[in-house]
Amino acid sequence: MFKYILKRIGYMFVTLYIIATITFFLMKLLPGSPFNDEKLSPEQRQILNERYGLGDPVFVQYLTYLKNIATGDFGVSFKYDGRDVLPLIMERLPVSAEVGIYAIFFGVIIGVILGVIAAVKQNSWIDYLATFISVLFVAVPSFVIGTYLQYFFGVEWEILPVAGWDGPLYIIMPAIALMCSPIATVARYIRAEMIEVLGSDYITLAKAKGNSTVSVLFKHALRNALIPIVTIVGPMAVFTLTGALTIEQIFAIPGMCDQFVNSIMTNDYPVIMALTMFFSILLVVILLVVDILYVIIDPRIRLDGDS
């Protein structure tokens, strides 16, 4: 496994290098300039471009960019009075993480419950209802669900605040909007795995030994059915976090995704590239951890290909 981990870490660096390169040149293709303020004179724009290195040849900027991110230096923001980008992101990370953690945690739990019920009650109206909910949550984008939540719970019934960030009540609707996709994904996985597991010989044997239905269901069946979930929870957490772009915008949450959208609108290159690298690093690290966990949970699997 050690050899495999080293190999994967090497692949991680190659992947991150490719992402960093593509992101850099895509930023150069964006129309406009970070300094589009009409109040600025051509001389002032030139001074700002030289100050932030935008007047250098592109290849020089590219080498400087790679050198800086290799040392953890993501530069300074063009729009926040020269503030370092990394502290700017770290300030917003807890906000995005809080919403994302609630969405994933409750999304996985509800999805597991829904999937188990659908599998146990296969081909019944409960199964069809659970399948319909899963399809609905996959088909309808999270921002649409969020908008309806705002309308009914915030405007019509005035139960929850429509938008903002000022306490636990402000987390509920964004977390619900974000957890719909994890609920649907987990429910479909669990249903399929549970149906397969419940038809296995060892389940029949467990029933023949006189184990209770609850014991067979949760001790023998669900335990094995949960193994594939490990592989999807990690990436799903990252996708949920990045999928919060629109949710943070419509709920006015001061998180990383909100910052990401604002940076794109103002051509704040260092922040855009830093957030892209942050999400990329998060994803590749989680994929590696998931692979390792998978081997620990199921010893039959060998990462290095040995039988």
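Just so you know, these numbers come straight off a predicted model, no measurement behind them. (Residues numbered from 1 in each chain as written. Predicted model: local features only at pLDDT ≥ 70, side-chain atom pairs only at ≥ 80, totals over all residues. Heavy atoms only, no water.)

1. Comments concerning the UniProt feature "transmembrane region" (unreviewed entry) in the protein
Here's step 1: What UniProt calls "transmembrane region" (unreviewed entry) maps, in this numbering, to residues 9-30, 99-120, 127-149, 169-190, 225-251 and 271-297.
Here's step 2: End C-alpha to end C-alpha, residues 9-30 measures 32 Å, and it is 95% helix and 0% strand.
Here's step 3: Along residues 127-149 the backbone is 91% helical and 0% strand, and the end-to-end C-alpha distance reaches 26 Å. (UniProt positions renumbered as here; feature names shortened; annotations may be inferred. Helix = DSSP H or I, 4+ residues; strand = E, 2+ residues; numbered from the N terminus.)

2. Considerations on the packing of helix H1 (residues 2-29) against helix H3 (residues 58-70)
Here's step 1: Between H1 and H3, the least distance of the axes is 11 Å, while the angle of their chain directions is 140 degrees. In terms of their interaxial angle, H1 and H3 are classed as oblique. Both H1 and H3 take part in a crossing whose hand is right-handed. Between H1 and H3, the contacting residues are Tyr17, Ala20, Thr21, Phe24, Phe25 and Lys28 on the first element and Val58, Gln61, Tyr62, Tyr65, Leu66 and Ile69 on the second.
Here's step 2: Grouping the amino acids of the contact of H1 with H3 by side-chain chemistry returns nine nonpolar, two polar and one charged. (Axes fitted to C-alpha atoms, helices over the stretch in contact; angles between N-to-C directions. Parallel < 35°, antiparallel > 145°, perpendicular 65-115°, else oblique. Left-handed = near helix turned anticlockwise from the far one by under 90°. Contact = heavy atoms within 4.5 Å. Nonpolar A, V, L, I, M, F, W, Y, C, P; charged D, E, K, R; others polar.)

3. Focus: the nonpolar core
Here's step 1: Within the largest apolar cluster, 53 residues are counted, with the highest numbers of intra-cluster contacts made by Tyr65, Met256, Leu275 and Phe279.
Here's step 2: Of all the elements in the fold, those that place two or more residues in this core are H1, H3, helix H4 (85-120), helix H6 (142-156), helix H7 (169-198), helix H12 (256-265) and helix H13 (269-297).
Here's step 3: Ranked by residue count, the leading element in this core is H13, at twelve residues.
Here's step 4: When neighbours within four sequence positions are excluded, Leu275 is seen to be in contact with Ile89, Met256, Gln259 and Phe260. (Core = buried A, V, L, I, M, F, W, Y, C linked by side-chain atoms within 4.5 Å. Buried < 20%, exposed > 50% of the residue type's maximum accessible area, 1.4 Å probe, protein only.)

4. Quick notes on H6
Here's step 1: Helix length check: H6, at 15 residues, gives a terminal C-alpha distance of 20 Å against a target of 21 Å (1.5 Å per residue), a fit within 8%.
Here's step 2: All of the buried residues in H6 are Ile145, Gly146, Leu149, Gln150 and Gly154.
Here's step 3: Packed against the buried residues of H6 are helix H5 (125-139), H7 and helix H11 (245-250).
Here's step 4: Downstream of H6 by a residue or two, Glu158 has a phi angle that is positive, lying close to 55 degrees. (Expected span 1.5 Å × (residues − 1).)

5. Remarks on H5
Here's step 1: Its 15 residues place the ends of H5 21 Å apart at the C-alpha level, agreeing with the 21 Å of an ideal helix rising 1.5 Å per residue.
Here's step 2: By the burial criterion, the buried members of H5 are Asp127, Ala130 and Ser134. Within H5, the buried residues cover an arc of 70 degrees as seen down the axis, which keeps them to one side. In H5, those exposed residues whose orientation departs by more than 90 degrees from the buried face are Trp125, Phe132 and Ala139.
Here's step 3: In this fold, the buried residues of H5 make contact with H4 and H7. (Arc of directions from axis to C-beta.)

6. Examining the side chain of Gln259
Here's step 1: Within the secondary structure, Gln259 sits in helix H12.
Here's step 2: On the basis of relative accessible area, Gln259 is assigned to the buried category, the value being 3%.
Here's step 3: If we skip the residues at most four places from it in the chain, Gln259 touches Tyr80, Arg92, Val271 and Leu275.

7. Regarding unusual backbone geometry
Peptide bonds are trans in most cases, and residues, glycine excluded, mostly fall at negative phi.
Here's step 1: Positive phi values are uncommon outside glycine, yet Glu158 reaches one of about 55 degrees.
Here's step 2: Of note, Glu158 is situated in the loop between H6 and H7.
Here's step 3: By relative accessible area, which is 64% here, Glu158 ends up exposed.
Here's step 4: Phi angles above zero are rare outside glycine, and Ala252 is one such case at about 55 degrees.
Here's step 5: Its place among the elements puts Ala252 in the loop between H11 and H12.
Here's step 6: Of the residues examined, Ala252 reaches a relative accessible area of 46% and is grouped as partly exposed.

8. Re the pattern of salt bridges
Here's step 1: In this structure the tally under the stated criterion is three salt bridges.
Here's step 2: Two residues, Arg83 and Glu91, come together in a salt bridge whose shortest N-O distance is 2.6 Å.
Here's step 3: In this structure Arg83 comes out as partly exposed when scored by relative accessible area, which is 32%.
Here's step 4: In this structure, Asp258 and Arg92 form a salt bridge, with 3.3 Å as the shortest nitrogen-oxygen distance. Here Asp258, found in helix H12, pairs with Arg92, found in helix H4; they are 166 residues apart in sequence, far enough to count as distant. (Salt bridge = Lys/Arg side-chain N within 4 Å of Asp/Glu carboxyl O.)

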